[in-house]
Amino acid sequence: MDAQSVLSLDNPIFRLYANYGAAVTLKMMCLSLYVSRIRITRKVFANLEDASGKQKYVRNDDDIERGLRCHRNDLENVIPFLVLGLMYVTIGLSVFAATWHFRVFVASRFFHTVAYLTPLPQPCRALSFVIGLVANISMGVQVLMNGTF
Amino acid sequence: MDAQSVLSLDNPIFRLYANYGAAVTLKMMCLSLYVSRIRITRKVFANLEDASGKQKYVRNDDDIERGLRCHRNDLENVIPFLVLGLMYVTIGLSVFAATWHFRVFVASRFFHTVAYLTPLPQPCRALSFVIGLVANISMGVQVLMNGTF
Amino acid sequence: MDAQSVLSLDNPIFRLYANYGAAVTLKMMCLSLYVSRIRITRKVFANLEDASGKQKYVRNDDDIERGLRCHRNDLENVIPFLVLGLMYVTIGLSVFAATWHFRVFVASRFFHTVAYLTPLPQPCRALSFVIGLVANISMGVQVLMNGTF
């Protein structure tokens, strides 16, 4: 494969990146809907205009705080994956290595969400967080090792 | 157009992506300045060193909390747009479909910010949020439908 | 260099982008570890299942709040850099201009983290924030000036 088509669907590694990346991004966005659903069913709002002007519905809720922490953890980890993954595609390593980096990361984040929202007893969530972080750092270090500053 | 130039300004869809993406990203960053301006004019700080060491200025403010929630909602929605949009460019659909996905998303987010900060009565903000989310999910699903796992 | 290879390591500007981008992304992810370390050593947790079920360890801590604010500020600035930087690579300006945009931004964010966590007296942190923001806005505006809507 010639260098020009690295970031296109002709490159099987980019194709994998696009698929796994889109799947984990859609998963992340579903957390918005999860939190919204709790807000509406339990009448727990952050803004006065959402609560039909009733101050008593502007309050906190443990499950909503948990959902927001889960979403924030996703932002802190999934977005670096999406960026580092794209750079990782360009350094042109084997399809095998790329596939397993993407699979392990995406599986760890799906499990992380389940572990956070259920919640499962620790160290389920901690382990899934660390596995995703290691996959990210591995990709980042490989990009840096191909680098010139 | 040949496959190699998918992610370059030779591709009109990528050009649209870059323009709309840069516009909505700059809009998102302006929320930092909006919050900073309120912090300085009202002397409401999050860190002791920002408040010239005066503990009484380390406090909360409703409008700042509102600005932070608006900014966070942008992070949760605009960044997935930027990533899914890039992938969406590579699957090479029509310029027409891409233009309208980008236009609708970016317009919905500009309106969302206005609706959040004014604030406009609901369901203005809820509607603009849902419209942006639908555009994102539409792009994400189309990427996945082109996929192999 | 022909247009097709804009987003590949054959393009020295993309190579710089990948290196600086990976470095600042890895730095950002280290903030997760920084906060986790404080949580474990001081027994300050956000979730009951992390605290071995002991409610007294589910509490707040000033240094953790500071770390979370620092991380959030990184998300609000580093991620726009990664996106705008990628678009900026495609408009094909000089290696010199690109190098200094990337260097200034990345240096400002490393300094910002040090200034936030030490904490250094203001205006150290404010200046580093503004320098990074100016680099981002400069890239964003140059992308927009190459644009068609």
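For clarity, every value in this text was computed on a predicted model and none was experimentally measured.

(A) Seen up close, the nonpolar core. Met87 and Phe102 of chain A, Met87 and Phe102 of chain B together with Met87 and Phe102 of chain C are the most contacted members of the largest nonpolar core, which totals 105 residues. Not counting the four nearest positions on each side in its chain, Met87 of chain B is found in contact with Tyr17, Ala18, Gly21, Ala22 and Leu82 of chain A together with Val143 of chain B.

(B) Expanded view of the relation of the copies chain C and chain A. Once chain C has been moved 0.0 Å along the axis and rotated by 120 degrees, it coincides with chain A to within an RMSD of 0.0 Å. As the rotation angle and translation indicate, the two copies are arranged about a three-fold axis. Of all interface residues in chain C, a mere 17% are interface residues in chain A too; the two copies therefore contact each other through different surfaces.

(C) Main features of the interface of chain C and chain A. Each side of the interface is counted separately: chain C has 36 residues, and chain A has 33 residues. For the pair chain C and chain A, the summed buried area comes to about 2,800 Å², and 66% of that belongs to carbon and sulfur atoms. Counting every contact that joins chain C to chain A gives three salt bridges. With a shortest N-O distance of 3.4 Å, Glu49 of chain C and Arg125 of chain A are connected by a salt bridge. Residue assignment for the side of chain C that touches chain A shows that the elements contributing at least two residues are helix 1 (12-42) and helix 2 (62-90) of chain C. No other element matches helix 1 of chain C, which puts 16 residues into the side of chain C that touches chain A.

(D) Geometry of the environment of His101 of chain B. All names here are of chain B. Among the structural elements, His101 can be located in helix 3 (residues 95-117). Overall, His101 belongs to the buried group, its relative accessible area being 16%. Along the chain, His101 and Ser138 lie 37 residues apart, while their C-alpha atoms are 8.4 Å from each other. With residues near it in sequence (within four places) discarded, His101 still touches Tyr88, Ala135, Ser138, Met139 and Gln142.

(E) Main features of empty space enclosed by the protein. Residue and element names in this part refer to chain A. What the rule picks out here adds up to three cavities of 30 Å³ or more. Examining the composition of the lining of the largest cavity, we find that five residues originate from one element, helix 2 (residues 62-90), more than from any other. Split by residue class, the lining of the largest cavity holds 16 nonpolar, no polar and no charged.

(F) Up close: helix 4 (residues 124-145) of chain A. Its 22 residues give helix 4 of chain A an end-to-end C-alpha distance of 32 Å, which sits within 8% of 32 Å, the value for a rise of 1.5 Å per residue. Taken together, the buried positions of helix 4 of chain A are Arg125, Ser128, Phe129, Gly132, Leu133, Ala135, Asn136, Met139, Gly140 and Val143 of chain A. One side of helix 4 of chain A carries all its buried residues, which in axial view fall inside an arc of 155 degrees. What points out from helix 4 of chain A, more than 90 degrees from its buried face, is the exposed set Leu127, Val134 and Met145 of chain A. Packed against the buried residues of helix 4 of chain A are helix 2 and helix 3 (95-117) of chain A together with helix 1 of chain C.

Cut-offs applied
Residues numbered from 1 in each chain as written. Chains lettered and ligands numbered in written order. Predicted model: local features only at pLDDT ≥ 70, side-chain atom pairs only at ≥ 80, totals over all residues. Heavy atoms only, no water. Core = buried A, V, L, I, M, F, W, Y, C linked by side-chain atoms within 4.5 Å. Buried < 20%, exposed > 50% of the residue type's maximum accessible area, 1.4 Å probe, protein only. Contact = heavy atoms within 4.5 Å. Least-squares fit on C-alpha atoms with pLDDT ≥ 70 in both. Buried area = accessible area lost by both parts, 1.4 Å probe. Salt bridge = Lys/Arg side-chain N within 4 Å of Asp/Glu carboxyl O. Helix = DSSP H or I, 4+ residues; strand = E, 2+ residues; numbered from the N terminus. 1 Å grid on protein atoms, 1.4 Å probe; cavity = no way out; pocket = protein on both sides within 12 Å on 5 of 7 lines; lining within 4 Å. Points joined across faces, edges and corners; volume = space filled by probe spheres on them. Nonpolar A, V, L, I, M, F, W, Y, C, P; charged D, E, K, R; others polar. Expected span 1.5 Å × (residues − 1). Arc of directions from axis to C-beta.

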